[in-house]
Amino acid sequence: MSWETVIGLEIHAQLATKTKIFSSAPTAYGAAPNAQANLVDLAYPGVLPVLNQEAVRMAVKFGLACGATVSQRSIFARKNYFYPDLPKGYQISQYEKPIVETGVMDILRDDGSVKRVGITRAHLEEDAGKSLHEEFEGLTGIDLNRAGTPLLEIVSEPDMRSAKEAVAYMKKIHTLVRYLEICDGNMQEGSFRCDANVSVRPAGQAKFGTRCEIKNLNSFRYIEKAINYEVARQIEIIEGGGKIRQETRLFDPDKGETRALRSKEEANDYRYFPDPDLLPVVLDTSFIESVRSTLPELPDEKAARYMQKFGLSAYDAGVLTASREMGDYYEGVIAKLPGNEKLAANWVMGELSAALNKDAIEVTQSRIDATRLAGLLARIVDATISGKIAKEVFEKMWTEGLDADAVIEATGGKQITDSGAIEKVIDEVMAANPKQLADYRSGKDKLFGFFVGQVMKVTAGKANPGQVNDLLKKKLAG
Amino acid sequence: MTELHHLTLAQLAAGLQKRQFSSVEVTRHFLDRIERLNPALNAMITVSGQQALAAAALADKKLDAGNAGVLTGMPIVHKDIFCTDGVLTTCGSRMLSNFVAPYDATVVAKLSQAGVIALGKANMDEFAMGSSNETSFYGPVKNPWDLAKVPGGSSGGSAAAVAARLAPAATGTDTGGSIRQPAALTSLTGIKPTYGRVSRYGMIAFASSLDQAGTLTYTAQDAALLLHAMAGFDPRDSTSVDVPVPDYSATLEQPLAGMKIGLLKEFFEQGLDEANAKLVRDALKIYESLGAKLIDVSLPNLPLSVPTYYVVAPAECSSNLSRFDGVRFGHRCENPVDLMDLYKRSRGEGFGAEVKRRIMTGTYVLSAGYYDAYYLRAQKVRRLITDDFARAFAGVDVLMGPTSPTPAFDIGAKVDDPVTMYLNDIYTIGANLAGLPAMSIPCGFLGGLPVGLQIIGPHFAEAKLLNVAHIFQRETDWHERIPEAYR
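Residues numbered from 1 in each chain as written. Chains lettered and ligands numbered in written order. Predicted model: local features only at pLDDT ≥ 70, side-chain atom pairs only at ≥ 80, totals over all residues.

As a further point, take the overall build of chain A. Scanning chain A from terminus to terminus reveals 15 helices and 16 strands. Radius of gyration (C-alpha) of chain A: 30 Å, far over the 23 Å computed for a compact globule of 478 residues. Based on the C-alpha atoms only, the size of chain A along its principal axes is roughly 95 × 55 × 50 Å. A burial count over chain A gives 39% of its 478 residues as buried. If you take every contact in chain A between residues at least 6 apart in sequence, the share linking residues at least 24 apart comes to 68%. (Helix = DSSP H or I, 4+ residues; strand = E, 2+ residues; numbered from the N terminus. Rg over C-alpha atoms; globule rule 2.2 N^0.38 Å. Buried ≥ 20, exposed ≤ 12 C-beta atoms within 10 Å, placed from the backbone. Contact = placed C-beta atoms within 7 Å.)

Dropping the structure here:
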């Protein structure tokens, strides 16, 4: 039987506010345990939450950017459960009336087709603290620095049909929140993570299968691995005559498998109710419009522009707009090279990306800035050097931090474009290879490549290939 | 001879300003009375004598220098529900019997900035859950009018302390009548302002949508002084309201001629002792003689107040009290074997029976499958009650009726019957559900025990309530009575 996978994601994006969502404590990562938890975060008797307006602004920004409805009246609710890293014994979240409802996100499939994923809702909530089990023998340490950090929980429709689609969607949201500057997207620090709801059903069946929720996936690789493992596990159970238990599962990256955390029956009754300490969040149209006016050009808009104006493919446009910084870099290059957008795209996606990857640095830290790369490409365009030489020049520029012209000057890498000089070399090559010349002239056309190679060898690759072709044809013909 | 404890807050303030006596003298006088008289009353949990005297000495310097405020040097008592920096703050519970607050509640800070001196912390029902002050971990408070009777609750310690003249005034909180009912049972003036008028920051939450801080004083004039210093917007409390605080003292003398007083029909029909009702009617006659018009008003949904309240308040408390888990502060059980043991025993040992009852009730009404039938329905009824009040205030300036169905009852009489105990709040809960300002003022005695008249106003009508109460107190002397043993 063939099976269809159904996936929905709940993405948690930590909002990049300076202070927490309901207290004035800073949100910066990496401080000594509990150094960034004030009385409100510690849930001392008598303290009260006050909503951080910046968090609201960021949530609205996200809603507008994914074409969603921004609720003019949303409500904070309490989600009640006991856990040591949840100091109040409840998490302030949004339940019945979230701030963002019904948006969409388009993703690009491997085959180049576009798939639309529905966003059910996005709501504001506070993060919990952390329980530290490793460092304390037989005890649990509690670090409440993260407690109260604002989160935007972005809930998708169960629209994805493969782990790859799920990753593409997650990457797309990752790109968007960084474009909007509402989340730093740092997955290692947990600023951007997701829970995946996964189920399988016989292909063609309308009813969803029983789902399992895989908690806390914080890398694109883990998401793909976890979902693929989970799908295989579920299919194996069903095909073996078993039934899927609705449960929460954890992914173990070391073993590459998921394991059960708790079943549906063991789940908490969260006893949600509106938080009486907080007023409903009422947003007027002028506020929403003022936020809209701060929206940057969004990734999809940018990609469309690259395709339309520069003739780039959907794939290239997608890669170049995957981060705002990459797009900025690319546009920095083409600003100096009008008409050569495709060449610039190839270089940014090729040599530059490879070099960045090799050094594991971001494009903003690139050792060759956009102006210098444009300088190098200009030398290809004006035929001073060949593309092949340019790659060598690029290497030197990267390691030595020099301009293209300085590198070309120092290494004599300049292209030979003087016809007389090239003709002289051709004459020498013909004289040194009389047999090949005779064979060619008697009809062995294939030998043309041999003569090109010889000319290039003598000129150490610096002869302009176009000119070499033209001149050789003429001379060989006799 | 007039003793310091016979003076109202306003009179003490005037005497301090005129330097007829010093703040240290006044403070010491009340501290002496607390030391001598409190053991029989059990009105106080903590007395901070040294801090009080040090603050009084500083206040005297300001008073001498002539740059003091109207309340500078005035000693009062805080209900032990308000966090006080560096001072034990128990909320009447074993759970917080070791909790020294690291900060001042906004109410405490504002009064302190106004120069008020804190004598100590008053006993109260545990987490303000009670109508008799019998649920306190620190034992019941006695009524100064009859030590065998309860003083009312939950601000019973505050009421007993002021009624026995251990302090000229006290702060209190009122979630379902916790200022007004004890004021009525001890012959005091108690005001619960509009929800949002006084900051809740630092006031340990019982039911967040109902809790409101107020005062217990001898007179409406005293309440006007104290409330003015407490009230106002607080950026740390999202539910506090940003409307200007009027000078309540300035409008106390406004004549009442032509004023319309609504008589709450339902209050006089529902479980009210006839003798008690007569005292309330006598008080209303006084208002009539002052030119006010009495108009019968019906609030048809008001009889649903008690069941509504006993869904909403426990629901909120069940969540508010989750933070008391033995992890970061408060009572922690000995040698917990694991997390669940820590929770169960810390909370099991830390909370008393009434608190547990309400946490259980609240947890139940919020549970999946019951939420709609209880919590959601209660919120709808709450809306209906609020609308009833709004309709009534379209035709009258204030509403009046009894504060409590009976005068003070015997200690122990109702402890085993929570529902009967809950019915004590039958007249007071409506104002909390609707967020309205309400007062209780003394209006007579029944068998030697005080009876209160309740006045309810529209939102932010504190000035009108105090005016209405003050004029009554100009005509009567019930509020000047002092229990014999405390004269």
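Having put the structure on the table, let's press on.
A few words now on the overall build of chain B. Across its full length, chain B holds 16 helices and 11 strands. Taken against the 2.2 N^0.38 rule, which gives 23 Å for 487 residues, the C-alpha radius of gyration of chain B at 21 Å falls within 12% of a compact globule. Residues classed as buried in chain B amount to 60% of the 487 residues present. Within chain B, contacts between residues separated by at least 24 positions form 76% of all contacts whose residues are at least 6 apart in sequence.

Further remarks concern the domain arrangement of chain A. Residues and elements named next belong to chain A. We note that the domain assignment places domain 1 (3-290), domain 2 (299-411) and domain 3 (419-477) within chain A. The C-alpha centroid of domain 3 is placed 33 Å from the C-alpha centroid of domain 2. Each partner contributes to the interface: domain 2 provides four residues, whereas domain 3 provides four residues. Along the lines of polarity and charge, the residues of the side of domain 2 that touches domain 3 split into two nonpolar, one polar and one charged. (Domains from an automatic or database assignment. Nonpolar A, V, L, I, M, F, W, Y, C, P; charged D, E, K, R; others polar.)

Residues and elements named next belong to chain A. The strand order across the open sheet built from nine strands is S2-S6-S7-S10-S1-S11-S12-S13-S14, with neighbouring strands paired in mixed fashion. Each end of this open sheet is capped by a strand with a single partner; those strands are strand S2 (69-70) and strand S14 (257-263). Relative to strand S10 (residues 150-156), strand S7 (residues 114-126) runs antiparallel, the two being bridged by seven bridges. Considered in S10, the bridge of Glu126 is made with Pro150. (Pairing = 2+ DSSP bridges.)

Residue and element names in this part refer to chain A. What the three strands build is an open sheet, ordered S5-S4-S15; its pairing is antiparallel. At either margin of the open sheet sits one strand with a lone partner, and together these are strand S5 (90-94) and strand S15 (273-274). Direction of pairing for strand S4 (residues 76-80) relative to S5: antiparallel, over a ladder of five bridges. Among the inter-strand pairings, Ala77 is bridged to a residue of S5, identified as Ser93.

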